[in-house]
Amino acid sequence: LVRPVHLQEIATAMNWNETKTSIEIGTLLTQGKINAKPFVIPEQQALLELHLPHVLKGMKEVKLKPIREAIQQNTGHDVEFIQIRLALKSLNVRLE
């Protein structure tokens, strides 16, 4: 399993910062170039499954940061950007 705590290890190994690492991994996951299963956090996916469709209805553009902020505001829970990307992919929604 790959969890957010592992991003720092990956970032160090790649000589990247943690943000770049998250973006690069998220892009590879979205494109289907790496297996998503090790990255899935079931609790966050369950939360997104319940709330993401409602958040998307109110958005003009599909962007990660506004989605994350809306989920936090609506639920009081934080979700990782990679988890949002995985949830969007499962809904067949593309990022703009």
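The structure under discussion appears in the preceding block.
Residues numbered from 1 in each chain as written. Predicted model: local features only at pLDDT ≥ 70, side-chain atom pairs only at ≥ 80, totals over all residues. Heavy atoms only, no water.

Notes on the overall build of the chain
Right, on to step 1. Along the chain, the regular secondary structure elements total five helices and zero strands.
Right, on to step 2. Beginning at the N terminus, the succession of helices and strands in the chain can be written as α-α-α-α-α.
Right, on to step 3. In terms of overall size, the chain behaves like a compact globule, its C-alpha atoms giving a radius of gyration of 13 Å where 96 residues would be expected to give roughly 12 Å.
Right, on to step 4. With the C-alpha coordinates of the chain rotated into their principal frame, the extents come out at 40 × 25 × 20 Å.
Right, on to step 5. Burial statistics for the chain: of 96 residues in total, 32% are counted as buried. (Helix = DSSP H or I, 4+ residues; strand = E, 2+ residues; numbered from the N terminus. Rg over C-alpha atoms; globule rule 2.2 N^0.38 Å. Buried < 20%, exposed > 50% of the residue type's maximum accessible area, 1.4 Å probe, protein only.)

Comments concerning the pattern of salt bridges
Pairs may arise between side chains of opposite charge once their charged atoms sit close together.
Right, on to step 1. One pass over the full model with this rule turns up two salt bridges.
Right, on to step 2. In this structure, Arg68 and Asp78 form a salt bridge, with 2.9 Å as the shortest nitrogen-oxygen distance. Separated by 10 residues along the polypeptide, Arg68 in helix α4 (residues 64–75) and Asp78 in the loop between α4 and α5 (81–90) bring together distant segments of the chain.
Right, on to step 3. On the accessibility criterion, Asp78 (38% relative accessible area) is partly exposed. (Salt bridge = Lys/Arg side-chain N within 4 Å of Asp/Glu carboxyl O.)

Section: the nonpolar core
Right, on to step 1. Leu48, Leu52, Ile67, Ile71, Ile84 and Leu88 are the most contacted members of the largest nonpolar core, which totals 14 residues.
Right, on to step 2. Breaking this core down by element, the ones donating at least two residues are α3 (42–57), α4 and α5.
Right, on to step 3. For this core, the leading source of residues is α3, giving five residues.
Right, on to step 4. Beyond its immediate chain neighbours, meaning those up to four positions away, Leu48 contacts Pro53, Ile71, Val79, Gln83, Ile84 and Ala87.
Right, on to step 5. Leu7, Ile25, Phe39 and Leu86 belong to the second largest nonpolar core, which has six residues in total. (Core = buried A, V, L, I, M, F, W, Y, C linked by side-chain atoms within 4.5 Å. Contact = heavy atoms within 4.5 Å.)

A word on the packing of aromatic side chains
Right, on to step 1. A complete count under the given rule lists zero aromatic pairs for this structure.
Right, on to step 2. Note that Lys20 overlies the ring of Trp16, its terminal NZ or CZ placed 4.8 Å from the centroid.
Right, on to step 3. The positively charged end of Arg68 is found above the aromatic ring belonging to Phe81, 4.5 Å away from the centroid. (Phe/Tyr/Trp six-rings, centres within 6.5 Å; stacked < 30°, edge-to-face > 60°. Lys NZ or Arg CZ within 6 Å of the ring centre and 35° of its normal.)

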